[in-house]
Amino acid sequence: MLRRAVLPLAAGLLVAACASTTETNPGRTATEQLLLARAADRAVEGLSLPLPAGSAVYVDESYFQGEGARYAISAVRAALSDAGFRLAPNKDAADAVFEIRAGALSLEQMRRVFGIPEMRVPINETFNVVSLPELSIYSHRDRVGVAEFSGFLYEARTGAPLGAVLPMIGSYRIRSHKAMMMVTWGQQQAQPGQRDPGSSWTEF
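Our subject in this report is the structure included herewith. (Residues numbered from 1 in each chain as written. Predicted model: local features only at pLDDT ≥ 70, side-chain atom pairs only at ≥ 80, totals over all residues. Heavy atoms only, no water.)

Within the protein, the regular secondary structure consists of three helices and eight strands. Mapped from its N terminus to its C terminus, the protein presents α and β elements in the order α-α-β-α-β-β-β-β-β-β-β. Across the protein, contacts joining residues at least 24 apart in sequence account for 71% of those joining residues at least 6 apart. When the accessible area of the protein is evaluated, it comes to approximately 14,100 Å², of which 56% is carbon and sulfur surface. (Helix = DSSP H or I, 4+ residues; strand = E, 2+ residues; numbered from the N terminus. Contact = heavy atoms within 4.5 Å. Areas by Shrake-Rupley, 256 points an atom, 1.4 Å probe, with all protein chains shown as cover.)

Moving on to the nonpolar core. Of all hydrophobic cores here, the largest spans 28 residues; its most connected members are Leu47, Leu49, Val76, Leu80, Phe98 and Phe149. If you list the elements that add at least two residues to this core, you get helix 2 (30–43), strand 1 (56–60), helix 3 (69–82), strand 3 (96–116), strand 6 (135–155) and strand 7 (161–179). Tallying contributions element by element places helix 3 first for this core, with seven residues. When sequence neighbours within four positions are dropped, the list of residues in contact with leucine 49 reads Val57, Leu80, Phe85, Phe98, Leu153 and Val165. (Core = buried A, V, L, I, M, F, W, Y, C linked by side-chain atoms within 4.5 Å. Buried < 20%, exposed > 50% of the residue type's maximum accessible area, 1.4 Å probe, protein only.)

Applying the stated criterion across every chain yields a total of seven salt bridges. In this structure, aspartate 60 and lysine 91 form a salt bridge, with 3.9 Å as the shortest nitrogen-oxygen distance. With aspartate 60 in strand 1 and lysine 91 in the loop between strand 2 (86–87) and strand 3, this residue pair connects regions lying 31 residues apart in the sequence. Taking the relative accessible area as the measure of exposure, aspartate 60 reaches 6% and is therefore buried. Exposure remark for lysine 91: the relative accessible area of 38% places this residue in the partly exposed category. Here arginine 175 makes a salt bridge to aspartate 142, at a shortest N to O gap of 2.6 Å. Of the two residues, arginine 175 sits in strand 7 while aspartate 142 sits in strand 6, which places them 33 residues apart along the sequence. The class for aspartate 142 is buried, based on a relative accessible area of 1%. Three or more residues joined by partner-sharing salt bridges are found here, namely Asp142, Arg173 and Arg175. (Salt bridge = Lys/Arg side-chain N within 4 Å of Asp/Glu carboxyl O.)

Before going further, it helps to examine a nonpolar patch on the surface. A cluster of nonpolar residues, Ile116, Met119, Ile123, Val130, Leu132, Leu135, Ile137, Met180, Met181, Met182, Val183 and Trp185, forms a patch on the protein surface that exposes about 1,200 Å² of accessible area. For the nonpolar patch, the secondary structure elements donating two or more residues are strand 5 (129–132), strand 6 and strand 8 (183–186). Residue leucine 132 is classed as partly exposed on the basis of its relative accessible area, which comes to 36%. (Patch = residues over 30% accessible without salt bridge, like charges linked within 9 Å, V, L, I, M, F, W, Y side chains within 5 Å.)

Put into structure tokens, the structure is as follows:
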């Protein structure tokens, strides 16, 4: 009798077996990082300065802070190169200094629910809470990367002001949908830009 009971149990455990892997957990997911990067790229599209073509510009990043700042600074430098300016290694070698700052470089999320959203309800006077699951017919979630940069330009040798760069704003959005709390569709992750196979670079 014992043998007859053990064999089906062992077979059931084998069928139900699963494997798991351990992964690192960085501060931002890959999708969140792509949202910030694409927003930064869009913010600097068409960047131009009131300088003659070929002028040497030093990008002063002293006041440009925030998560994802290094990528955004590189995007600004690439946009200046694309606009026909030379990048100076320091102020002494520059015709003008472009001091940049970040107004925003972060993520926003909005969720619309047709039904009862997920809630946390207090259950006693000590504010212990219980989580109630979402009960919806349809819901969708928007995740948006937002970037806003601005700055001003001054003459490298004298410090004389040359002009201000109005806020440059870019955003990148992904949306996912869910019906009856089970069926999901739509763009679940940020997609990279499309390019022809073999053309991994573009000439300024």
